[in-house]
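As a plain string of letters, each chain reads:
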Amino acid sequence: MAPALSIVVPVYNEEDVLPLLVQRLRPVADGLGTTYEVLTVDDGSTDLSPAVLQRIARDWPQLRIVRLRANAGHQAAISAGLASARGDYVVTLDADLQDPPEVVSEMLALAVSEGVDVVYGVRSDRSTDSAFKRLSARAFYRVIRALSGTHAQVDAGDYRLMSRATVDAVNALPEHHRVLRFVVPALGFPSASVTYRRDERAAGRSKYPLSKMVRLSLDSVTGFSTAPLRAATWLGLLGGLGAFVLLAYALVAMAVGQTVPGWTSTVVAVAGVGAVQLVCVGILGEYVGRMYAQLQGRPAYHIAYDSLTGPDRRGPLPGTDQPDPLAGHHQRGSVAGPDQHVSVSRADEHAPLSRVDEPRPSGSPRA
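The notes below deal with the structure included here. (Residues numbered from 1 in each chain as written. Predicted model: local features only at pLDDT ≥ 70, side-chain atom pairs only at ≥ 80, totals over all residues. Heavy atoms only, no water.)

## Structural notes on the overall build of the chain
And step 1. Counting secondary structure elements, the chain contains 10 helices and 10 strands.
And step 2. Taken over 367 residues, the chain has a buried fraction of 43%.
And step 3. Look at the contacts in the chain between residues 6 or more apart in sequence, and 79% of them connect residues 24 or more apart.
And step 4. Just so you have it, the chain exposes about 18500 Å², and 60% of that area is on carbon and sulfur atoms. (Helix = DSSP H or I, 4+ residues; strand = E, 2+ residues; numbered from the N terminus. Buried < 20%, exposed > 50% of the residue type's maximum accessible area, 1.4 Å probe, protein only. Contact = heavy atoms within 4.5 Å. Areas by Shrake-Rupley, 256 points an atom, 1.4 Å probe, with all protein chains shown as cover.)

## Topic: the pattern of salt bridges
And step 1. A complete count under the given rule lists 12 salt bridges for this structure.
And step 2. For R64, the salt bridge identified is with E37, shortest N-O distance 3.3 Å. Residue R64 is located in strand β3 (residues 63-68), and its partner E37 is located in strand β2 (residues 36-42); the two are separated by 27 residues in the primary sequence.
And step 3. A relative accessible area of 4% means that R64 is categorised as buried.
And step 4. Its relative accessible area of 3% is what places E37 among the buried residues.
And step 5. Among the ionic pairs, R67 bridges to D42, the shortest N-O distance being 3.9 Å. In this pair, R67 is assigned in strand β3 and D42 in strand β2, connecting sequence segments 25 residues apart. (Salt bridge = Lys/Arg side-chain N within 4 Å of Asp/Glu carboxyl O.)

## A short note on the pairing of strand β5 (residues 118-125)
And step 1. Burial within β5 is extensive, with 6 of its 8 residues counted as buried.
And step 2. Relative to strand β6 (residues 156-163), β5 is paired through 4 bridges, and the arrangement is antiparallel. Along β6, the bridge assignment pairs V119 with L161.
And step 3. Of the strand pairs in this sheet, β5 and strand β7 (residues 191-197) are connected by 7 bridges, and their pairing is parallel. Each residue of the ladder has a partner; that of D125, found in β7, is R197. (Pairing = 2+ DSSP bridges.)

## Looking at the side chain of D43
And step 1. Within the fold, D43 resides in the loop between β2 and α2 (49-59).
And step 2. Looking at D43, its side chain comes within polar contact range of the main-chain nitrogen of G73, at 3.1 Å.
And step 3. Discounting residues that sit within four places of it in the chain, D43 has contacts with V11, Y12, L68, A70, N71, A72, G73, H74 and A77. (Polar contact = N/O pair within 3.5 Å; in protein donor to acceptor, adjacent residues only side chain to side chain.)

## Some words on the nonpolar core
And step 1. Of all hydrophobic cores here, the largest spans 38 residues; its most connected members are I7, V38, V104, V119 and Y159.
And step 2. Broken down by secondary-structure element, the contributors of at least two residues to this core are β1 (5-11), α1 (18-30), β2, α2, β3, α4 (103-114), β6 and β7.
And step 3. No other element matches α4, which puts 6 residues into this core.
And step 4. Y159 has contacts with V91, T92, L93, D99, P100, P101, V103, V104, M107, Y120, G121 and Y196, leaving out every residue within four places of it along the chain.
And step 5. Judged by nonpolar contacts, the second largest core, of 29 residues, contains L68, V170, L180 and I303. (Core = buried A, V, L, I, M, F, W, Y, C linked by side-chain atoms within 4.5 Å.)

## Details of the packing of aromatic side chains
And step 1. Counted according to the given criterion, the structure contains 2 aromatic pairs.
And step 2. Residues Y159 and Y196 carry aromatic rings whose centres are separated by 5.6 Å and whose planes lie at 75° to one another, so their mutual orientation is edge-to-face. In this pair, Y159 is assigned in strand β6 and Y196 in strand β7, connecting sequence segments 37 residues apart.
And step 3. Relative accessible area serves as the criterion here: at 1%, Y159 is assigned to the buried category. (Phe/Tyr/Trp six-rings, centres within 6.5 Å; stacked < 30°, edge-to-face > 60°.)

## Brief notes about a nonpolar patch on the surface
And step 1. On the surface, L238, L241, F244 and V245 cluster together into a nonpolar patch covering about 430 Å² of accessible area.
And step 2. What makes F244 exposed here is its relative accessible area of 55%. (Patch = residues over 30% accessible without salt bridge, like charges linked within 9 Å, V, L, I, M, F, W, Y side chains within 5 Å.)

## Re unusual backbone geometry
And step 1. Even without being glycine, N13 reaches a positive phi, approximately 55°.
And step 2. Looking at where N13 falls in the secondary structure, it is placed in the loop between β1 and α1.
And step 3. One non-glycine residue, L97, lies in the positive phi region at around 65°.
And step 4. Considering the arrangement of structural elements, one finds L97 in the loop between β4 (89-92) and α4.

## Quick look at the environment of D96
And step 1. If you trace the backbone, D96 turns up in the loop between β4 and α4.
And step 2. Residue D96 is classed as buried on the basis of its relative accessible area of 10%.
And step 3. Along the sequence, D96 and D16 sit 80 residues apart, while their C-alpha atoms lie 9.5 Å from each other.
And step 4. A polar side-chain atom of D96 sits 3.0 Å from the main-chain amide nitrogen of Q98.

Written out as structure tokens, the structure is:
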């Protein structure tokens, strides 16, 4: 039977923080008074995280492990968790404990009492972040809101609760490079918010360096707004107008015999027009790249193992000399995209086929 609540936790090289996460999350989940599953998505970890998760799962029946074959990225890992989650409500929570698990109970109570589809976790105190991160984050959200018209919560990351209807609507979206902190608000479902203080990372190092933050920003802008295309159009028009004015000036100067040898002005004009063209080509390239990736139809992630449906055949767990005790059975795994659930069946003709999860039609309009 499907649980009432699924808590999706993306994991990437978090061996140090996982025991601390369990110490805080399990009492909260057990105290909710409802059925639940904690769905950890191992995003191709190269440390001992898979082994730690297997050890924790032996003592925590509600812990479910989904393992991706390769690192697909934070947003793709969350998408894999949403596609596999079975709960009537789904909470997404990072493993680093910067977002306190204790807020889950408040989110669930608010969703039930207010009848809303989404409850956002909003960081009211980010004093543990650097000044640069706080300023850049606020500027980032405001720019995205201005460009896209999406009413995304400022200081709200990926800590949120969603109803089954919301999760189904997200899973039905065809895009691969989705940025969920803007996708979910764009759906326009009824929402509320809770505030909390953002803590320091409990252990380990951040998995979101500046390069990944820049990539996330580009995906957010190109995924939710055509404003850059309009900007490219206006830059092209202004560049063309400037070139026309310069040409008119040159013709008039030549007609009245006031031509001035000016290689500097020539270089400046050529460089200016070339700069505008390069900017426009770069912006257009971002959109062409997204269309190319979409036409290829490659899945954003590949599920190798789901502890709910079948064993893992990939050999020894990282950091151990012994194979996974669950491994050894012949199985066939499906390749899952952001709008697909995973199905795994055993080859033994006497064993029953495992359940195949099909996407549920949400009946909700897409944003």
